[in-house]
Amino acid sequence: MLRGKFGCCVLVVLALSCSASGGSKTTPGSGASASTGATGATDTGGLNLDSSGSGGSLSLAGTSAGGTASDLPPAWLYFSEKNAFGFKDASLPDDVRTQFPATETAEGAPSLVYPLAGSMHPNNLGNIEFHWRRGRADDSLYRIDIQGGDQSFQLFVTCSTAGVTVANACTYLLPEPEWLDLGQRFKGAQVRASIASATKGGASTARSAAIELSFSPEPVLGGLYYWSLTKQGIMRATFGSEHAELFIAPNSPTNDFACAGCHSVSRNGKVIAFTASADVKYPGMGVQVAPTDDPTAPFVKPEKGVSPAGAGYPRTPGQTEPQTQFGQNVALNADGSVAAVNGARFDGMPPGEEWFELRDTKTGMPLMTPEGKAAQWIIGDPLFGPNQLPILPEWSPDGKSIATTLMNRQSGCGWTFFSCYSTIATIPVLGTSIAAAQPLVAWQTSDPMFHFYPSWSPDGQYVAFVSAPAGATDKGSSDNLNAVLRMVPATGGPHACPGPTCYELTNATQYSVADAMAHRGKGSTWPKFTPFAQSSGKLLFVSFSSQIDYGVKSSGRAQLWMAAVDLTKLGQGDPSFTPIWLPHQDNSDENFTPYWTEILPCDVDAEGGCKGCVGSERCVVNAQNQCQCEVIVK
């Protein structure tokens, strides 16, 4: 029986809390907000690529976007004239603009490495770095040129080598006022970016070829939660914030144990569930559920104790670890009232080795079927098929279905948190029970790839997932470097991959199925959709973990990326854009399973205002008259 490298501490989810003090104060019910925070917008037009202009512009008819809460200084202070704007790093001389000769050459020019050509950037996401390789050895002056329509923007920058892992390379963190200004000016449109270099008194400016970038038509909203293997805890970031905060910490009031993983958070952001374990190396774990406004006061949590002799895998005799609330994976429904849990237990109690169940999150008890039987199903139940068990579940947005990796143990390869042979299936939810699993992307013994890690689109119409080379000789799902990202409609299965209704997200993955089959992959895996679509549902964003190169700062570690998906391209080729690296994370960490909430609720204070939030956030009243955490841009 093969089992994965990690226990469930490779997968985690949680919701944002506001247990910290401070933040702006507003009054729910007053009809006013304390800020001009970014709000979602409704557009009535379609996503159209206009290739008639220079470079082509991505236009969205009828789009509008809310403002972005900002304490930033004005943009483009270096110079501003007709259709031309400038920024200058404070360390550069005032006349740096004149030190780039009008004569330009491509010979010896620097080359842009990041952002990736063809990427779409959320128009409300700052902290973007440009990475480039140097060209001429004597050049020491650099200028980033951005062209949008008839407007040109020049950023005179320095060369930073901090954290650079590539020889003769530079980075520069773009100023937030300027980058966010570009995002608002060109929301739903493309720009062209290049990098130029010169030396004082030189004869020519060396300028790279331009790449095309685009900005989202609307802000990307929501709370981001992910698991840090390095910190063995759950990180949280308000989208657009400067960096993530450690939210569920090991050996703390939020978690009695040394690791938290396999997380989930309700879509309304009010409940978090995760699995706690003694160590990332030990698979014995239990499920903890807590309100997000105070994760130190859980509804249920595993009892801590020493596992008895003869307990058997996954419990470790003599190890201090969870003794109750067993489970290796957990998923919450939209309001956080029901958890879908799969796991294993070896304490002599039914249902035996591997099982799947629905659990009440307030009591931790298995739910009951209308016939009065506990809603627990063991591996090989007729609802799943011989040797099969649902693992890694995720609820549909409407709560009527669960997408799952239907793990197949016929070869002995597979366990409660990983598979070597598996199908993507949906399980209808009938009250507090379930119906038979329905294959969405089926695997047969003749198939070269198996399928795992499903995620629902925000409207429930599509499911993103991962495929990888099948077979016990390849690594299983939990740490497979040759996985690729795909997407299918959520109905009409089983869909064949490859096939007309199986959409390859190769631009996002950054390598092809052929590369994966040849073992040239870089671990693009664990896809999770953001909770909001744009352009009347035609534009989605999917986040994932990957070891693809982050420009000239590649560390070989799994990091978080995000790519846009244009549904108007379905059936016409790859619908995905190239991805962006999420700047909330520490580049020295190893990060997995980005997970999203719709809002980040905070508390109502004693005077009827809003309080709480952490880090670079403030508490405001949203359009639904609720207290909500919002990023402070500064």
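Just so it is clear, the model here is predicted, and its values are computed rather than measured. Once a new chain begins, its residue numbering starts again from 1 and follows that chain's sequence as written. Confidence filtering applies because this is a predicted model: local features only for residues at pLDDT of at least 70, side-chain atom pairs given and counted only at 80 or more, and all residues used for totals across whole chains, interfaces and linings. To get the side-chain values, take all heavy atoms of the structure and skip hydrogens and water.

J.: Could you give me a rundown of the packing of aromatic side chains, with the residues and numbers involved?
T.: The geometry of an aromatic ring pair is captured by two quantities: the separation of the ring centres and the angle between the planes. Aromatic pairing here means that ring centres of Phe, Tyr or Trp (its six-membered ring) are within 6.5 Å. Orientation follows from the plane angle: under 30 degrees is stacked, over 60 is edge-to-face, and everything else is tilted. For the coordinates displayed, the defined rule picks out 22 aromatic pairs. With centroids separated by 5.2 Å and ring planes inclined at 80°, the aromatic side chains of Y114 and Y550 adopt a geometry described as edge-to-face. Highlighted residues: Y114 in strand β6 (residues 111-114) and Y550 in the loop between β37 (539-546) and β38 (559-566), separated in sequence by 436 residues. What makes Y114 buried here is its relative accessible area of 1%. Only runs of H or I of at least four residues qualify as helices and only runs of E of at least two qualify as strands under DSSP, and these elements are numbered from the N terminus. Here's how the labels work: a residue is buried when its accessible area is under 20% of the maximum for its type, exposed when over 50%, partly exposed in between, all with a 1.4 Å probe on protein chains only.

J.: How would you explain helix α1 (residues 176-185) if you had to name every residue and give the values?
T.: Because an α-helix packs 3.6 residues into every turn, residues spaced three or four apart end up facing the same way. With seven of ten residues buried, α1 is to be regarded as a mostly interior element. Those residues of α1 that sit buried are E176, P177, E178, W179, L180, L182 and G183.

J.: I'd like a rundown of the pattern of salt bridges, residues and numbers included.
T.: When charged atoms on two side chains of opposite charge get close, those side chains can pair. The salt bridge definition used is simple: a Lys or Arg side-chain nitrogen within 4 Å of an Asp or Glu carboxyl oxygen. This model, assessed by the stated rule, comprises 18 salt bridges. One salt bridge in this structure joins E129 and K553, with 3.1 Å as the shortest N-O distance. On the criterion of sequence distance, the pair formed by E129 in strand β8 (residues 129-133) and K553 in the loop between β37 and β38 is long-range, its members being 424 residues apart. Assessed through its relative accessible area of 14%, E129 is described here as buried. R520 is the partner of D515 in a salt bridge, and the nearest nitrogen-oxygen pair spans 2.8 Å. Among the charged side chains, a salt-bridge network with shared partners connects E104, R143, D145 and R207.

J.: Got a sec to walk through unusual backbone geometry? Specific residues and values, please.
T.: Backbone phi values are negative for most residues with the exception of glycine, while trans is the configuration of most peptide bonds. Here the amide bond leading from Y114 into P115 is cis, since omega sits at 5°, within 30 degrees of zero. Here P115 shows up in the loop between β6 and β7 (120-121). Cis geometry marks the peptide bond from G493 to P494; its omega dihedral reads 5°. A positive phi angle, close to 55°, is found at N127, a residue other than glycine. For Q325, which is not glycine, the phi dihedral falls at a positive 55°. Under the relative-accessibility criterion, Q325 is labelled buried at 18%.

J.: Kindly report on the state of the cysteines, identifying the contributing residues and their values.
T.: We call a pair of cysteine sulfur atoms a disulfide when they lie within 2.5 Å. By the definition in use, this model includes three disulfides. Put simply, C497 and C502 are joined by a disulfide, and their sulfur atoms are 2.0 Å apart. With the S-S bond torsion at 100°, the cross-link from C497 to C502 turns out right-handed.

J.: Please give an account of the environment of S401 that cites residues and values.
T.: Relative to the elements of secondary structure, S401 occurs in strand β28 (residues 401-408). On the basis of relative accessibility, which here comes to 14%, the residue S401 falls in the buried class. Along the backbone, S401 and A435 are 34 residues apart, and their C-alpha atoms lie at a distance of 9.5 Å.

J.: Would you mind going over the environment of F418 in detail, with residue names and values included?
T.: Looking at where F418 falls in the secondary structure, it is placed in the loop between β28 and β29 (422-430). For F418, a relative accessible area of 3% corresponds to the buried category. When the C-alpha positions of F418 and S478 are compared, they lie 5.5 Å apart, and in sequence the two are 60 residues distant.

J.: Please provide a residue-by-residue account of the pairing of β37, values included.
T.: Counting buried positions along β37 gives eight out of eight residues, so the element sits mostly inside the fold. Both faces of β37 are covered, namely the face carrying L539, F541, S543 and S545 and the face carrying L540, V542, F544 and S546. When DSSP locates at least two bridges between a pair of strands, those strands are taken to pair. Bridge analysis of strand β36 (residues 525-529) against β37 gives three bridges, and the strand direction is antiparallel. Bridge assignment links F529 to a residue of β37, and that residue is V542. Pairing of β37 with β38 involves eight bridges; the strand directions are antiparallel. Note that in β38 the partner of V542 across the bridge is A563.

J.: Describe the sheet that holds strand β19 (residues 271-277), naming the residues involved and giving the relevant values.
T.: Taken together, the three strands give an open sheet; going across it, the order is β18-β19-β20, and neighbouring strands pair in antiparallel fashion. Sheet topology places β18 (259-265) and β20 (285-291) at the edges, where each strand pairs with a single neighbour. Taken pair by pair, the neighbouring strands of this sheet meet at an average axis angle of 25°, ignoring direction. Strand direction decides the pairing type here: β18 and β19, joined by five bridges, are antiparallel. Counted as the bridge partner of A260 is A276 from β19. An axis is simply a line fitted to the C-alpha atoms; with a helix, the fit covers only the stretch in contact. Between two such axes, the angle follows the N-to-C directions and lies from 0 to 180 degrees.

J.: So what's going on with the environment of A102? Which residues, and what values?
T.: Position of A102 among the secondary structure elements: in the loop between β4 (84-88) and β5 (104-105). Expressed as a C-alpha distance, the spacing of A102 and S204, which sit 102 residues apart in the sequence, is 6.9 Å.

J.: Hey, could you go over the sheet that holds strand β11 (residues 169-173) for me, with residue numbers and the actual values?
T.: By way of backbone hydrogen bonds, the strands of a sheet pair with one another, either parallel or antiparallel. Taken together, the three strands give an open sheet; going across it, the order is β6-β8-β11, and neighbouring strands pair in antiparallel fashion. Lying at the two open borders of the sheet, with one neighbouring strand each, are β6 and β11. Pairwise comparison of adjacent strand axes, ignoring direction, gives a mean angle of 30° for this sheet. Taken together, the three bridges between β6 and β8 define a ladder with antiparallel strand orientation.

J.: Requested: an account of the nonpolar core, with residues and values cited.
T.: Ranked by size, the top nonpolar core spans 108 residues in total, and within it F130, W132, I146, W179, F356, L358 and M487 carry the most contacts. A total of six residues in this core trace back to one element, the largest contributor, which is β38. Listed in part, the 14 residues of the second largest apolar core include F247, A260, I272 and C629. Put simply, a nonpolar core is a bunch of buried Ala, Val, Leu, Ile, Met, Phe, Trp, Tyr and Cys residues held in one set by side-chain atoms that sit within 4.5 Å of each other.

J.: Break down the confidence of the model for the protein chain for me, with residues and values.
T.: When pLDDT is averaged along the protein chain, the result is 84; 85% of the residues meet or exceed 70. Note on residues 1-46: pLDDT under 50 across the span, and 199 contacts to partners over four residues away in sequence or across chains. Every residue carries a pLDDT, the predictor's confidence in it, which falls somewhere between 0 and 100. Any two residues whose heavy atoms approach within 4.5 Å are treated as being in contact. Low pLDDT, under 50, characterises residues 49-69; the stretch is placed with 68 contacts to residues that sit more than four places away or in other chains.

J.: Go over the side chain of N255, please, and point to the residues and values.
T.: When you line up the elements, N255 lands in the loop between β17 (245-248) and β18. A 3.5 Å cut-off defines polar contacts: any pair of N or O atoms within that distance qualifies, except that in protein one atom must be a possible hydrogen donor and the other a possible acceptor, and neighbouring residues in sequence count only when both atoms are side-chain atoms. Here the side chain of N255 touches C259 through a polar contact of 3.1 Å, landing on its backbone oxygen. Sequence-distant contacts of N255, defined by excluding residues within four places in its chain, comprise I248, A249, P250, A260, F274, A276 and Q288.

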